[in-house]
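# Breakdown of the fold
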Amino acid sequence: MRVALFDYGAGNLHSLKKALEAGGSRVLVTTSWDEALEEEALVLPGVGSFGAAVEALSGQQERVRDALLNGLPTLGICLGMQLLFSRSQEAEGEGIGLIPGEVRILRSRTIPQMGWNEVMVSEDRIFTGAAPLVAYFANSYVCEPRDSSTIISATEYQGDGFPSGVRLGRTWGLQFHPEKSSRAGLRIIHNFLEAVREEGESP
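A brief report on the enclosed structure follows. Note that the coordinates shown come from a computational prediction; the quantities given were computed from them, not determined experimentally.

### With respect to the pattern of salt bridges
Pairing between side chains becomes possible if they bear opposite charge and their charged atoms approach one another. Per the stated rule, a full pass over the model turns up 11 salt bridges. A salt bridge links R104 to E144; the shortest N-O distance between them is 2.5 Å. Taken together, the residues span a long stretch of sequence, with R104 in strand β5 (residues 101–105) and E144 in strand β8 (residues 141–145) at a distance of 40 residues. A relative accessible area of 25% places E144 in the partly exposed class. One salt bridge connects D160 with R104, and the closest N-O pair in it is separated by 2.9 Å. Residue D160 is located in strand β10 (residues 160–168), and its partner R104 is located in strand β5; the two are separated by 56 residues in the primary sequence. Overall, the relative accessible area of 5% leaves D160 in the buried class. Connected through salt bridges with shared partners, the residues R2, R26, E39 and E40 form a single ionic network.

What counts, and at which threshold
Residues numbered from 1 in each chain as written. Predicted model: local features only at pLDDT ≥ 70, side-chain atom pairs only at ≥ 80, totals over all residues. Heavy atoms only, no water. Salt bridge = Lys/Arg side-chain N within 4 Å of Asp/Glu carboxyl O. Helix = DSSP H or I, 4+ residues; strand = E, 2+ residues; numbered from the N terminus. Buried < 20%, exposed > 50% of the residue type's maximum accessible area, 1.4 Å probe, protein only.

No statement about biological role is implied by the geometric values presented.
Structure, rendered in structure tokens:
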């Protein structure tokens, strides 16, 4: 199975690439949307800032959004989850705009959140075999979808509760880093890849 790992040009994607390969996929690391949207699945990593990621979109927001709406299996991690929304308090510019809502700064004493935290998960298939889940976070911003039905997991950090997972169709977003979250995190990545392999899966 072919998976595109999009490179915003902001950091090391080695651990995520390795985790995807461990799940049996062939990973193409690319900065080209032409290449990324031709693969069987797309992964938006959690490296970089919202502003840099918007620049990397290069005006392709509508095209990427249409691909996701048309069923391209996609996993957005940390920044990649935030990029599924239109706007962020972190920087100017427009994200993909797949999920209505906003990205806001954490309302907590200590920013960023760095380290392990509990995740309350739903019965979404991406969490099969991964609960109870304690995952690794590295974030200053969180997402607030307008439609609560898109929320598949939640987390609290220093009194601030926020969605730590969303899903719309065949697109998943996770605020934490599964590739850095031990065995449970790798299981989540494998579950995503299994969903991609099952052709004709209902959202």
